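Chain and residue survey
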Amino acid sequence: MEVIRNITEGRFGVEGEVYFGLFEKFISLSVEDDSIAYAELCAAHLNSLSEKVILDLCRASIRYCHDFLENSGGHPKNFQHPKEVLPLIYPSVLIVPSPEDPALPVVHLELDCEWEEEHGMEWIVRGNEVLFVGAFHGVNPWSDFSEKKCWNYA
């Protein structure tokens, strides 16, 4: 199966679709600097995330969910296992940034989620490290994440 398909030149770079195996579906692909080779590296990394990284993303998403629901007066959700949050998350776009390090893949995702329908969610994984999980802010995936902001649940 092809991982990237329907590549076209868009107004803001290359656009297309990428397969996301964790969710078993194709999602939109947005490549900032037309680097298809780097997009292929990032897409391969997206589909080979380790179990540890996936669990870290799920745990951070649950922290985000609980905090959002608590602050908005909603009822907390009960998750027996971290991956139980995945059916409440809907990935929409893999954003491939201009590569600062062409050998280091970045997974920068825009996602929708059931608890925050207005702003959705953002995941950033650089290499094998989960760096950002929270409301979608369009954070630069090459930023320094050593000091976590209160709105970063990673």
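Source: prediction; values computed, not measured.

Conventions we followed
- Residues numbered from 1 in each chain as written.
- Predicted model: local features only at pLDDT ≥ 70, side-chain atom pairs only at ≥ 80, totals over all residues.
- Heavy atoms only, no water.
- Patch = residues over 30% accessible without salt bridge, like charges linked within 9 Å, V, L, I, M, F, W, Y side chains within 5 Å.
- Areas by Shrake-Rupley, 256 points an atom, 1.4 Å probe, with all protein chains shown as cover.
- Salt bridge = Lys/Arg side-chain N within 4 Å of Asp/Glu carboxyl O.
- Lys, Arg positive; Asp, Glu negative; His and termini not counted.
- Charge placed at Lys NZ, Arg CZ, Asp CG, Glu CD.
- Helix = DSSP H or I, 4+ residues; strand = E, 2+ residues; numbered from the N terminus.
- Buried < 20%, exposed > 50% of the residue type's maximum accessible area, 1.4 Å probe, protein only.
- Pairing = 2+ DSSP bridges.
- Contact = heavy atoms within 4.5 Å.
- Arc of directions from axis to C-beta.
- Axes fitted to C-alpha atoms, helices over the stretch in contact; angles between N-to-C directions.

Okay, a negative patch on the surface next. A contiguous patch of negative charge on the surface is contributed by Glu9, Glu32, Asp33 and Asp34. By secondary structure assignment, the location of aspartate 34 is in the loop between β3 (25–31) and α1 (36–46).

With that settled, the discussion passes to unusual backbone geometry. Phi is positive for asparagine 6, close to 55°, though the residue is something other than glycine. With respect to the helices and strands, asparagine 6 occurs in strand β1 (residues 4–10). Phi is positive for glutamate 24, which is not a glycine, with a value near 55°. Mapped onto the fold, glutamate 24 is located in the loop between β2 (13–20) and β3.

This part covers the pairing of strand β5 (residues 106–113). Looking along a regular strand, one sees the side chains alternate between the two faces of the sheet. A large share of β5 lies buried, amounting to 6 of its 8 residues. Across 5 bridges, the pairing between strand β4 (residues 89–96) and β5 is antiparallel. For isoleucine 89, the partnering residue across the bridge sits in β5 and is cysteine 113.

Before going further, it helps to spend a moment on the environment of proline 76. Relative to the elements of secondary structure, proline 76 occurs in the loop between α2 (51–72) and β4. Taking relative accessible area as the criterion, proline 76 reaches 64% and is therefore assigned exposed. Distance from proline 76 to cysteine 65, taken between C-alpha atoms, is 8.0 Å for residues 11 residues apart in sequence. With residues near it in sequence (within four places) discarded, proline 76 still touches His66 and Leu69.

Burial in α1 covers these residues: Tyr38, Ala39, Cys42, Ala43, His45 and Leu46. Across the axial projection of α1, the buried residues extend over an arc of 160°, all falling on one side. Considering only its buried residues, α1 is in contact with β1, β2, β3, β4, β5 and β6 (121–126).

As a further point, take the sheet that holds β4. The mixed open sheet is built from 7 strands, whose spatial order is β1-β2-β3-β4-β5-β6-β7. Pairing within the sheet leaves two strands with one partner each, and these edge strands are β1 and β7 (129–134). On average, each strand axis in the sheet is tilted by 25° relative to the strand beside it, whichever way the strands run. Each of β4, β5, β6 and β7 is contacted by α2, which is oriented at about 25° to β7, the strand it contacts most.

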